[in-house]
Amino acid sequence: MVWPQWISLIITWLIVYACLAGGIKTVGKVVYFTVPFPYLLLLILFCRGVTLPGSWMGIKFFLYPEWKRLLDLKVWTDAAIQMFFGMGPGWGGLINMASFSDFRNKAKCDTYLIIAINIFTSIFAGLVVFSVLGFLSYKSGVPVADVATGGAGLAFVTYPEAITRMPVPQLWGLLFYVMLFLLGIDSLFVQLEAVTTSILDELRCLRKYKYLLTMFACLILFLSATIMCTNGGMFIVQLFDWYSSPLSVCAICFVEIIMVSWVYGVKNFMLDVEFMLGKRPGLYWRILWQWVTPMVLIFIFVMTAVFMRTITYNNISYPTWAVALGWAICVSSVMFIPLYMVYIMIRKRATLCSSLKRRLKPMDWTPADPDDRAAYEAFRRQHNMPDFMSESDTGFRK
C-alpha cells in the first residue's frame, strides 16, 4: 500500500460525501466553484506554457493536420469514443441532471451549448498540454511525436516531467493537479448522483435515508478504489480504463436509442418533444434517431472491438489472466441489461413469445406532475394517439 495515496483517497471521498450528502441542492452550489475554476487554471497554465521555449513546436504538432489519417478508420473510432467521454452519453449523468430541469426547458439549446463548450475545452486543453510538451521536446531533444503519450501516462508521467523542468515547478505542479482534482470530482458528482437517484427512484422507501445511502455508496467506492493505492495501482487503473468503458458505453447507448426510437416509438417521442418545447422535430431528427444513430453506434462498436490492441503499460504487456479480467469488467457493465430482460420475461402468464410481444410495446411513461400529466393526455387525444399499455397489461403475476 502507498499510504500517502491512501490518505489522499480518504480525504477525497470525505470531500465528495460532504458535497453530495445534501443531494442536488448541495451539488448545485458546489459546481459554481468547481466548474469555472479549472478554466481559470487552464488559462494560467496556457499563458505560462506559450511563453516557454519550444512551446510553438508542440502547438504546431497539435494543430497541423495529417490528411492521410482521415482514411484510417481507427482515427474516426477513437474520435467517436472521445465524444462519449467528453459529453457523457450513456453514463446516466446527463439524464439524471436534466431531470431536475424545468419540464419545458429548452433542451435543444442546452445540447448545442454542451457540444460547443466541450469542443472549445478539448481544443484549449490540447493547446495547454502541447505547449508544455513542446517545451519538454526542446529541453530533452526528443521529437514531440515521441514525447507525447496517451492515457494516464500523459497526466501522471509526461506532463509532470515537463513541469519539473520549468522555473518554480512546485507552483505549476500544484495548479495542474488542483485542476485535475476539480475536474475529477465534478465527473464523480454527476456519476454518483446518477447512481443514488436511480436507487431512490426504484426503492422509494429509502428516500428518507438519502444521507445514509450516499454514505454507503461512497464507502463502497472508497473500498473498491483502495486497491488502486497499491504499488501496482497504476496497472489496475489502466486495466479499468482500457476495458470498462469504450465497448460497454457503445452498447448501452445502442440499447437506449433502440428503446426510445423503436420500442417506445419515435412518433411518441416526437410528440413528447412537441408537447414540452412547443415545436415538433423535423424529418431530419426522425431519420437520425431511427436509422443513422443506431448504424453509427454499431459501426463504432465493431471498429472498437476490431482495433482493440493488447493492453500494455510502460511497454509491459499484461498477462493473459489480466486480459481475461479486463473483458470480464467490460461484460459486467452491460450484462444486467439482458439478465433483467430475462427476469421480466420469467414473470409472465402467457407463453414466451406473447410475453416478448407485450414487453415490446410502450408502457405509461407520461409526466409525473398531475397538471402536466393531464395536459399531456389531452394533447395526445387531440393528436389521435393510442393509449399507452398500463402495467396491469404486462401480465405480471400478482
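One structure accompanies this document, and this report is about it. (Residues numbered from 1 in each chain as written. Predicted model: local features only at pLDDT ≥ 70, side-chain atom pairs only at ≥ 80, totals over all residues. Heavy atoms only, no water.)

1. Comments concerning the overall build of the protein chain
Scanning the protein chain from terminus to terminus reveals 18 helices and two strands. Its C-alpha atoms put the protein chain at 70 × 50 × 45 Å along the principal axes. Out of the 398 residues belonging to the protein chain, those deemed buried represent 34%. Partitioning the intrachain contacts of the protein chain with sequence separation of at least 6 by distance along the chain shows that 75% fall at a separation of at least 24. Total accessible area computed for the protein chain in this model is approximately 24,100 Å², and 70% of it derives from carbon and sulfur atoms. Distance from the positive charge centre (33 side chains) to the negative charge centre (23 side chains) of the protein chain: 4 Å. (Helix = DSSP H or I, 4+ residues; strand = E, 2+ residues; numbered from the N terminus. Buried < 20%, exposed > 50% of the residue type's maximum accessible area, 1.4 Å probe, protein only. Contact = heavy atoms within 4.5 Å. Areas by Shrake-Rupley, 256 points an atom, 1.4 Å probe, with all protein chains shown as cover. Lys, Arg positive; Asp, Glu negative; His and termini not counted. Charge placed at Lys NZ, Arg CZ, Asp CG, Glu CD.)

2. Digging into the pattern of salt bridges
All chains considered together, the criterion is met by seven salt bridges. Between Glu-274 and Arg-280 there is a salt bridge, and its shortest N-O distance comes to 3.1 Å. A relative accessible area of 18% means that Glu-274 is categorised as buried. Measuring nitrogen to oxygen at the nearest pair gives 3.5 Å for the salt bridge that ties Arg-373 to Glu-377. Residue Arg-373 and its partner Glu-377 are both found in helix H18 (residues 370–382); the two are separated by four residues, about one turn of the helix. Given the relative accessible area of 29%, Arg-373 is considered partly exposed. (Salt bridge = Lys/Arg side-chain N within 4 Å of Asp/Glu carboxyl O.)

3. Concerning H18
Between its terminal C-alpha atoms H18 stretches 18 Å, which fits the 18 Å expected from 13 residues at 1.5 Å a residue. Residues of H18 that are buried include every one of Asp-372, Tyr-376, Phe-379 and Arg-380, and no others. Down the axis, H18 shows its buried residues gathered within 95 degrees of arc, on one side only. For H18, the exposed residues lying more than 90 degrees away from the buried face are Pro-370, Asp-371, Arg-381 and Gln-382. Buried residues along H18 sit against helix H13 (246–277). Positive phi shows up at Asn-384, right after H18, with a value of about 55 degrees. (Expected span 1.5 Å × (residues − 1). Arc of directions from axis to C-beta.)

4. A few points about the side chain of Thr-197
In this fold, Thr-197 is placed in helix H10 (residues 169–202). Given the relative accessible area of 13%, Thr-197 is considered buried. One polar contact links the side chain of Thr-197 to the main-chain carbonyl oxygen of Glu-193, over a distance of 2.7 Å. (Polar contact = N/O pair within 3.5 Å; in protein donor to acceptor, adjacent residues only side chain to side chain.)

5. Remarks on unusual backbone geometry
Residue Val-168 is not a glycine yet carries a positive backbone phi of 50 degrees. Mapped onto the secondary structure, Val-168 falls in the loop between helix H9 (152–164) and H10. The residue Asn-384 is not glycine, and still its phi comes out positive at about 55 degrees. Of the residues examined, Asn-384 reaches a relative accessible area of 69% and is grouped as exposed.

6. A word on the side chain of Thr-214
Along the chain, Thr-214 falls in helix H11 (residues 210–225). Overall, Thr-214 belongs to the buried group, its relative accessible area being 2%. With sequence-adjacent residues up to four places away left out, Thr-214 is seen in contact with Tyr-17, Leu-20, Ala-21 and Thr-196.

7. What about the packing of aromatic side chains?
Overall, the coordinates contain 20 aromatic pairs when judged by the stated rule. Measuring from centroid to centroid gives 5.4 Å for Phe-46 and Phe-124, while their planes differ by 55 degrees, and the two rings are tilted. One end of the pair, Phe-46, is in helix H3 (residues 36–49); the other, Phe-124, is in helix H7 (residues 107–140), and 78 residues separate them in sequence. With relative accessibility at 22%, the residue Phe-46 sits in the partly exposed group. A relative accessible area of 13% places Phe-124 in the buried class. Geometrically, the ring pair formed by Phe-120 and Phe-124 is stacked, given 5.7 Å between the ring centres and 15 degrees between the ring planes. Placement of both Phe-120 and Phe-124 in helix H7 is noted, with a separation of four residues, approximately one turn of the helix. (Phe/Tyr/Trp six-rings, centres within 6.5 Å; stacked < 30°, edge-to-face > 60°.)

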